[in-house]
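Below, each chain spelled out in residue letters.
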Amino acid sequence: MADLDVGDLAPQFDLPRDGGGSLSLAALLGKPVVLYFYPQDDTTSCTNEAISFSQLKPDFEKAGAVVIGLSPDSIKKHDKFKQKYDLTVDLVADEERKAIEAYHLWVEKTMYGRKYMGVERATFLIGKDGRIARTWRQVRVKGHAEEVLEAVRSL
């Protein structure tokens, strides 16, 4: 399975979103989309990443972009997570991992010498045309949202 590259069409999804309803990538065609994948709600790195993107949401909106966080957690967990930290970014639930697998992010990980399968922290910047404009794999959270914002501004 080859990784997705710049210029590839972004894999489509239509997933349940926080607060009810669903969110589809197709509905956002014509706008840049920041799609960030994260392993789990309410863990230190995932919380810091969501807070960073939420703090910069007005700047992303000013640049015309939509920010979406995606994890395998349930909508119920997403709603609690958003409320607990006053998050403003959209969160979608991929409990069946269809989008996670389509983006090649269900990977073998190692923690404390134990191997397990999990979500790789990654971000995709999808251009107005629905094609991948930039990718960040194995993301380190500190400064990441700012770097993504600069990339959006340069589109």
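Explain the overall build of the protein chain to me, and be specific about the residues and the numbers.
Check the secondary structure of the protein chain and you find 5 helices and 9 strands. Along the chain direction, N to C, the helices and strands of the protein chain fall in the order β-β-β-α-α-β-α-β-α-β-β-β-β-α. Against the 2.2 N^0.38 benchmark of 15 Å for 155 residues, the protein chain shows a C-alpha radius of gyration of 14 Å, consistent with a compact globule. Seen along its three principal axes, the alpha-carbon backbone of the protein chain occupies a region of about 40 × 35 × 30 Å. A burial count over the protein chain gives 46% of its 155 residues as buried. Carbon and sulfur atoms make up 49% of the accessible area of the protein chain, which totals about 8100 Å². One finds the centroid of the 22 positive side-chain charges in the protein chain at a distance of 3 Å from the centroid of its 24 negative side-chain charges.

Report on the sheet that holds strand E5 (residues 90–93), specifying residues and quantitative values.
Pairing is mixed across the open sheet formed by 5 strands, whose spatial order is E5-E4-E3-E8-E9. The strands lining the two open edges of the sheet, one partner per strand, are E5 and strand E9 (132–136). Averaged over all pairs of adjacent strands, the angle between strand axes in this sheet comes to 20°, irrespective of strand direction. The sheet contact formed by strand E3 (residues 33–37) and strand E4 (residues 66–71) spans 5 bridges and is parallel. When the sheet's bridge partners are listed, Leu 35 is paired in E4 with Ile 68.

Can you lay out the packing of aromatic side chains for me, pointing to particular residues and giving the numbers?
Throughout the structure, instances matching the rule amount to 8 aromatic pairs. Centroid distance Phe 37 to Tyr 103: 5.1 Å. Interplanar angle 45°. Geometry classified as tilted. Linking Phe 37 in strand E3 with Tyr 103 in the loop between helix H4 (98–102) and strand E6 (106–111), this pair joins segments that are 66 residues apart in sequence. For Phe 37, a relative accessible area of 0% translates into the label buried. Ring geometry for Phe 81 against Tyr 85: centres 5.7 Å apart, planes inclined by 75°, an arrangement best described as edge-to-face. Separated by 4 residues within a single helix, Phe 81 and Tyr 85 lie in helix H3 (residues 75–85), roughly one turn from each other. Exposure remark for Tyr 85: the relative accessible area of 27% places this residue in the partly exposed category. What links up through ring pairs into an aromatic cluster is the set Tyr 36, Tyr 38, Phe 53, Phe 60, Phe 81 and Tyr 85. The ring of Trp 106 is capped by Arg 97, whose NZ or CZ atom sits 3.8 Å from the centre of that ring.

Please give an account of the pairing of E5 that cites residues and values.
The side-chain alternation of E5 yields two buried faces, one formed by Asp 90 and Val 92 and the other by Leu 91 and Ala 93. Examined bridge by bridge, E4 and E5 share 4 bridges and lie parallel to one another. Counterpart to Ser 71 in the pairing with E5 is Ala 93. Once the chain exits E4 it traverses H3 before rejoining the sheet at E5, and the crossover so formed is right-handed.

Conventions and cut-offs
- Residues numbered from 1 in each chain as written.
- Predicted model: local features only at pLDDT ≥ 70, side-chain atom pairs only at ≥ 80, totals over all residues.
- Heavy atoms only, no water.
- Helix = DSSP H or I, 4+ residues; strand = E, 2+ residues; numbered from the N terminus.
- Rg over C-alpha atoms; globule rule 2.2 N^0.38 Å.
- Buried < 20%, exposed > 50% of the residue type's maximum accessible area, 1.4 Å probe, protein only.
- Areas by Shrake-Rupley, 256 points an atom, 1.4 Å probe, with all protein chains shown as cover.
- Lys, Arg positive; Asp, Glu negative; His and termini not counted.
- Charge placed at Lys NZ, Arg CZ, Asp CG, Glu CD.
- Pairing = 2+ DSSP bridges.
- Axes fitted to C-alpha atoms, helices over the stretch in contact; angles between N-to-C directions.
- Phe/Tyr/Trp six-rings, centres within 6.5 Å; stacked < 30°, edge-to-face > 60°.
- Lys NZ or Arg CZ within 6 Å of the ring centre and 35° of its normal.
- Right-handed = clockwise from strand over helix to strand, strands pointing away.

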